[in-house]
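# Geometric and topological summary
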Amino acid sequence: MNPLVSDGVVFQERTPVIVALDFADADTTLRFVRRLDPTLCQLKIGKELFTATGRQLTEQLINQGFKVFLDLKYHDIPHTVAAACKVAAEMGVWMVDMHASGGRRMMEAAVDAVSAYAHRPWLIGVTVLTSMTQEDLLELGSDTPVDEQVLRLAKLTQMAGLDGVVCSAQEASLLRAQLGSDFLLITPGIRLDVASNQDDQRRIMTPKMALAAGSSYLVMGRPITQAIDPVALLRQINEGHV
Ligand code: C5P
């Protein structure tokens, strides 16, 4: 696993998994999280759970010692995204993301907005969603190949001063080679068996393959939340067995 440096601290031994808490309410979430601890995984709060529970649950999980990725994928005018990132920094979230397609000025405003915080969140740009294929891009009017579009958005994200990108693990080796070893590659679309159920994901890989390709962190929702024994599965991934 690649060592990572943040605020001068080197994280050598860490769990690569970010569990996507895609639940509808606080009770279900807390019942699930009770089985976990911060040495097993990080947590991700997305649109569904945040819309349902807001700041309170996010802060509760941070207070329990979890690193929380606030995955609200901001995409708005620079002033609005910058203000939202500031609130995220005040909440103490570990990571927050925005669509890189919001443009360089939007991302630079976000960087400026959090730069004064001693423990600022890592800022992450979303490239092309892992649920999207070449046909989807064509429908949107772009005939650029998916990996080229991902690389273009990732370079823009890095130029704007963000800490990393969300991409598919299938693009991780390309981005790792082009963007260096310190740039964070956050990869959803992880499945335990690429030949079986993909749900709505399209550009997928297994945990082991994704880490070998250069992913920094694996975002995993349903494969963990619907597992018979999520804790055992997390241990297997952390030990590199899966
Ligand atoms: O259940 P599954 O493992 O597919 O969940 C993936 C999670 O990662 C979801 O919460 C989804 O919103 C998020 N995500 C994604 N693709 C991105 C960014 C985030 O699937 N590009």
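See the structure printed just above.
Okay, so let's go over this structure. (Residues numbered from 1 in each chain as written. Predicted model: local features only at pLDDT ≥ 70, side-chain atom pairs only at ≥ 80, totals over all residues. Heavy atoms only, no water.)

### Comments concerning the overall build of the protein chain
Selection criterion: Secondary structure elements follow DSSP: runs of H or I no shorter than four residues count as helices, runs of E no shorter than two count as strands, and numbering proceeds from the N terminus. Both definitions apply: the radius of gyration is a C-alpha atom measure, and the globule rule equals 2.2 Å times residues to the power 0.38. Only protein chains enter the accessibility calculation, which uses a 1.4 Å probe. A residue is then buried if its area is under 20% of the maximum for its type, exposed if over 50%, and partly exposed in between. Any two residues having at least one pair of non-hydrogen atoms within 4.5 Å are treated as being in contact. In this description, accessible areas are obtained by the Shrake-Rupley approach with a 1.4 Å probe, and a residue is regarded as covered only by the protein chains that are shown. When charges are tallied, Lys and Arg are placed among the positive residues and Asp and Glu among the negative ones, while His and the ends of the chain are skipped. Note on charges: their place is set at NZ of Lys, CZ of Arg, CG of Asp or CD of Glu.
Broken down by element type, the protein chain carries 10 helices and 10 strands. What you see for the protein chain is a C-alpha radius of gyration of 17 Å, in line with the 18 Å of a compact globule of 242 residues. Referenced to the eigenvectors of the C-alpha coordinate spread, the extents of the protein chain come out at roughly 40 × 40 × 35 Å. Expressed as a percentage of the 242 residues in the protein chain, the buried residues total 51%. Contacts in the protein chain between residues far apart in sequence, at least 24 positions, make up 68% of those at least 6 positions apart. Of the roughly 11,200 Å² of accessible surface on the protein chain, 50% is carried by carbon and sulfur atoms. One way to put it: in the protein chain the 22 positive side-chain charges average out to a point 2 Å from where the 28 negative ones average out.

### A closer look at helix 10 (residues 230–238)
So the rule is basically this: As used here, the arc is the angular range of directions from the helix axis to the C-beta atoms.
Within helix 10, burial applies to Pro230, Val231, Leu233, Leu234 and Ile237. For helix 10, the angular spread of the buried residues around the axis is 160°, confining them to a single face. Looking at the buried residues of helix 10, the elements they touch are strand 3 (17–20), helix 1 (26–33), helix 8 (207–212), strand 10 (217–220) and helix 9 (222–225). Positive phi appears at Gly240, one or two residues downstream of helix 10, with a value of about 80°.

### Description of the sheet that holds strand 4 (residues 42–45)
In a beta sheet, neighbouring strands are held together by backbone hydrogen bonds and run either parallel or antiparallel to one another. Note the threshold: Strands qualify as paired when DSSP identifies two bridges or more between them. Fitted lines through C-alpha atoms serve as axes, helices being fitted only where they are in contact, and the angles separating the N-to-C directions of these axes extend from 0 to 180 degrees.
An order of 3-4-5-6-7-8-9-10 is seen for the 8 strands of this closed barrel, with the pairing classed as parallel. The sheet shows a mean angle of 25° between the axes of neighbouring strands, direction not considered. Both strand 7 (residues 122–126) and strand 8 (residues 164–166) contribute to a ladder of 3 bridges, which runs parallel. The residue bridging Val126 from the neighbouring strand is Val166, located in strand 8. Each of strand 3 and strand 10 touches helix 10; the most contacted strand, strand 3, lies at about 150° to it.

### Considerations on the packing of aromatic side chains
Spelled out, the test is: Think of it this way: a Phe, Tyr or Trp ring, Trp meaning its six-membered ring, pairs with another when their centres are within 6.5 Å, and the plane angle makes it stacked under 30 degrees, edge-to-face over 60, tilted otherwise.
Per the stated rule, a full pass over the model turns up 3 aromatic pairs. Between Trp94 and Tyr217, the ring centres sit 5.1 Å apart and the planes meet at 85°, which makes this aromatic pair edge-to-face. Of this pair, Trp94 sits in the loop between helix 3 (78–91) and strand 6 (95–99) while Tyr217 sits in strand 10, and the two are 123 residues apart along the sequence. The residues Trp94 and Tyr217 share a single accessibility class, namely buried. Of the aromatic side chains, those joined through ring pairs into one cluster are Trp94, Trp122 and Tyr217.

### Quick look at the environment of Val17
Checked against the element boundaries, Val17 lands in strand 3. A relative accessible area of 0% means that Val17 is categorised as buried. Along the sequence, Val17 and Tyr217 sit 200 residues apart, while their C-alpha atoms lie 5.8 Å from each other. For Val17, the residues in contact, after removing those within four places along its chain, are Cys41, Gln42, Leu218, Met220, Ile224, Leu234, Ile237 and Asn238.

### Let's talk about a negative patch on the surface
For the record, the criterion: Patches in this entry comprise residues that are over 30% relatively accessible and not in a salt bridge; like charges within 9 Å are linked, as are nonpolar side chains (Val, Leu, Ile, Met, Phe, Trp, Tyr) within 5 Å. By convention in these notes, a salt bridge is any Lys or Arg side-chain nitrogen within 4 Å of a carboxyl oxygen on Asp or Glu.
A cluster of acidic residues, Asp22, Asp25, Asp27 and Glu48, forms a negative patch at the surface. Mapped onto the fold, Asp27 is located in helix 1.

### Focus: the site of the ligand
Rule in force here: A cutoff of 4 Å decides nearness: a residue is near a molecule or strand if any of its heavy atoms lies inside that distance of it. Two N or O atoms count as a polar contact when they lie within 3.5 Å, although within protein this holds only if one can serve as hydrogen donor and the other as acceptor, and sequence-adjacent residues are included solely when both atoms are side-chain atoms. Any residue that is not Ala, Val, Leu, Ile, Met, Phe, Trp, Tyr, Cys, Pro, Asp, Glu, Lys or Arg is counted as polar, Gly included; the first ten are nonpolar and the last four charged.
Around the ligand sit 16 residues, and of these Asp22, Lys44, Arg191, Gly221 and Arg222 come closest. Within the side chain of Arg222, an N or O atom sits 2.7 Å from an oxygen atom of the ligand. Notes on the ligand: free accessible area 470 Å², of which the protein chains cover 87%. At the level of elements, strand 5 (68–74), strand 10 and helix 9 are the ones that each hand at least two residues to the shell around the ligand. Here the residues of the shell around the ligand are counted per class, giving 7 nonpolar, 3 polar and 6 charged.

### Some words on the nonpolar core
Most often, soluble globular proteins keep nonpolar side chains buried together rather than apart. Short version of the rule: Only buried residues count toward a nonpolar core. Its members are Ala, Val, Leu, Ile, Met, Phe, Trp, Tyr and Cys residues joined through side-chain atoms within 4.5 Å.
One finds Leu21 and Met98 to be the most contacted residues of the largest nonpolar core, which totals 64 residues. Apart from residues no more than four positions distant in its own chain, Leu21 is found in contact with Thr29, Phe32, Val33, Leu43, Lys44, Ile45, Leu49 and Leu61. Among the nonpolar cores identified, the runner-up in size contains 13 residues, and Ile18, Met95, Trp122 and Val126 belong to it.

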